[in-house]
Amino acid sequence: MTNLEICREHGSFMIKEKLAEIVARAFESACAEGKMGELKECPVPIQIERPKLAEHGDLACGVAMKLAAPLRSNPLKIAQTLAEHIGRDKEANGNRITSFAVAPPGFINFKLGSAWLNQSLSRILIEGADYGKLDMGRGKRVLVEYVSANPTGDLHIGHGRNAVFGSCLVNLLKFAGYEVEAEFYINDAGEQILQLGRCAYALYRRLQGVEVEYPTEGYPEEYLSEFVAPIVEREGQAFLSLSEEEGAVKLADLTMAEIIEHQKKLLAKLHVEFDRWYSERALHKRDQVKQVLEEFLKHGFSYENEGALWLKTTELGDERDRVLRKSSGATTYLANDSAYHLDKYRRGYDLMVNVWGADHHGQVPGLKGAMKALGEDPERLEVVLTQIVNLSRDGQIVRMSKRMGTVVMLGEVMDEVGVDAVRYYLAESSPQNSINFDLELAKKTSRENPAFYIQYAHARCCAILRKALEPSQGQEGQLPAPVTESQWQSFLQEYKTDPDVFESIFADSSEEVVQHQKALIRRLELFPEEVREAVETRQPGRLARYAFELANELQKFYEVSRVITDQLSVTKARLGLILATKQVLSNALGIIGVSAPERM
RNA sequence: GUGCCCGUAGCUCAGCUGGAUAGAGCGUCGGUCUCCGAAGCCGAAGGUCUCGAGUUCGAAUCUCGACGGGCACGCCA
């Protein structure tokens, strides 16, 4: 989609789109004069990009190079023709574009004036917490299923990554206008639960002094004790007389409840929330698994072989057929999951996103094939795989293994480095890359980590606003606030109605300082586009990095531009800029779920 | 063996729908506070973008092949 199309679709004001329109008009007028060969309309999207080097200007357009092939002409020459027509455009006046030039190998470079920048500041302050929101998801319902950890133990750092990514994606999609539901699928049925019960019942009895063997297969005693101990305390000897089987069933339920409760609390502490906790057991109770097997049969995609029921996934894009019902009569994970996902499809979402650990990637073709077999569109189901988190201590990578006792729990990491830092680090990276999380490093650098840096920038904006609006203690007693309350109220109105007030941001500034000032505003203006790209690529982490860049831009601005000055018009303009920066930092942090403190 | 993911600065990571001299943070070294928060800012050093070939006016980016790492390949979940 070109910038122009986005502009039309969303009706929103973005500088790149305004500029793309000007270039498009230049192309049209050059066309009309027959300077574009046989072309009637532009065959390539007109894209505006940001040059890597400041000396190339604020924005650039490389469309001339893309036109070189269809026109069979020199890109530089095409660029010059376009530039000539841009020069005749009334929109391209000095307030909007101070200068533009053609540069090899065929770029048209633009230097921005202040008019559009000032307008974007007004827009930010008008829209406030809504600034950056898009309507690309309007009317679309999305289900995001994530974490879905087995209720058989504590959450580790890998679950943490899944949880943070998923919740950021939920926040992001909501911000982009989607109607989003977050769901956690609880695998509370099947063999693993029985095994949990057997272990838990053995542990229960041992804690009461009964000498029984602990099962060799299953969950290590030390990981279960924190969940079984409260049951012993609460229930006492109530279950000692049960048979081994009855005891296992009873303890499975009670232990599972403890574990789920623990997981919920931990996730809530990490600001990870769900609209629905979906129970696999309930799925079985409603006979949905049995029903889905009938559906497969009805669609002609299942067959029996050697006592088992198979799904013809080979015909559906998988490398081999998969078992749905074992010869023992029990259904497989695929069958249960098919029932669950068919249920999701029947609930009528436009898009379903599953956030899975990458070690489950082998299941994707099977599940997608199953949905296809049921006559559903597999494209509506997206699986985002999150790669593993390697934990290291003192530079030594620790492979997480429950047996080796080297598992580091999510809760421990949260306690060590803080919720905000955990969220930032886990949100920042692309899910398909494995990451290394060095605990010693995270602890050591806890004051200098990017999360903190962004928060610091937000707090600094708040500090400047406080300084401007609150009386201060000087050597001669109390000094009045530089800006009175009534002045401030009037400023807030002017920001929204008269973009020209921001012109004073640049007053008395050298060319170099103006560059810093414009860079900050440009970055603020970029936010909606960053949101769109994050949605399209399903990478909320881009906003974490954006927030960091914005914080950096603020610091650079701050170093060279005094906000509170003895010139009221300058103070007014720059306070508005600070207010806008604080707002955008807060909006971006909101999506990645990191707090935006007023002071720290 | 087959399939998927990955390989960018000493370390951790961006950039990948092809564009100008490949970027951040950490770490190292050096500057910078009579002035709104120095938890900051500025600068330096550090790279055959794993290697090779191809496509292109142009490749970290696309294609193919090596090499290296991870994961998955059950009538487990």
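Figured I'd write up the structure that's included with this text. Bear in mind the structure is a predicted one, so any value in this text is a computation, not a measurement.

1. Focus: the layout of surface pockets
Of the volumes computed, that of the largest pocket is approximately 1300 Å³. What lines the largest pocket is a set of 50 residues, among which Ser148, Asn150, His159, Asp359 and His360 lie closest to the centre. Of the residues forming the lining of the largest pocket, the biggest block, 5 residues, is contributed by helix H12 (residues 333–346). Considering only residue class, the lining of the largest pocket consists of 16 nonpolar, 25 polar and 9 charged.

2. Describing the environment of Glu41
Turning to its location among the elements, Glu41 is positioned in the loop between helix H2 (15–32) and strand E1 (48–49). For the pair Glu41 and Glu28, spaced 13 residues apart in sequence, the C-alpha to C-alpha distance is 7.1 Å.

3. Focus on the sheet that holds strand E10 (residues 322–325)
Neighbouring strands of a sheet are bound in pairs by backbone hydrogen bonds; such pairs are parallel or else antiparallel. Taken in spatial order, the 3 strands line up as E8-E9-E10 in an open sheet, and their pairing is antiparallel. Looking at which strands have only one partner, the edges of the open sheet turn out to be strand E8 (302–305) and E10. Direction aside, neighbouring strands of the sheet carry axes that sit 45 degrees apart on average. Inspection of the sheet shows strand E9 (residues 308–311) paired to E10 by 3 bridges, in the antiparallel sense. Looking at E10, one finds that Leu311 is bridged to Arg322. Docked against the sheet, helix H11 (residues 288–298) engages E8, E9 and E10, running at close to 125 degrees with respect to E10.

4. Considerations on the side chain of Asn354
Mapping Asn354 onto the fold places it in strand E11 (residues 351–357). Taking relative accessible area as the criterion, Asn354 reaches 0% and is therefore assigned buried. The residues contacting Asn354, other than those within four sequence positions of it, are Glu145, His341, Lys344, Leu367, Leu381, Glu382, Val383 and Val384.

Cut-offs applied
Residues numbered from 1 in each chain as written. Chains lettered and ligands numbered in written order. Predicted model: local features only at pLDDT ≥ 70, side-chain atom pairs only at ≥ 80, totals over all residues. Heavy atoms only, no water. 1 Å grid on protein atoms, 1.4 Å probe; cavity = no way out; pocket = protein on both sides within 12 Å on 5 of 7 lines; lining within 4 Å. Points joined across faces, edges and corners; volume = space filled by probe spheres on them. Helix = DSSP H or I, 4+ residues; strand = E, 2+ residues; numbered from the N terminus. Nonpolar A, V, L, I, M, F, W, Y, C, P; charged D, E, K, R; others polar. Pairing = 2+ DSSP bridges. Axes fitted to C-alpha atoms, helices over the stretch in contact; angles between N-to-C directions. Contact = heavy atoms within 4.5 Å. Buried < 20%, exposed > 50% of the residue type's maximum accessible area, 1.4 Å probe, protein only.

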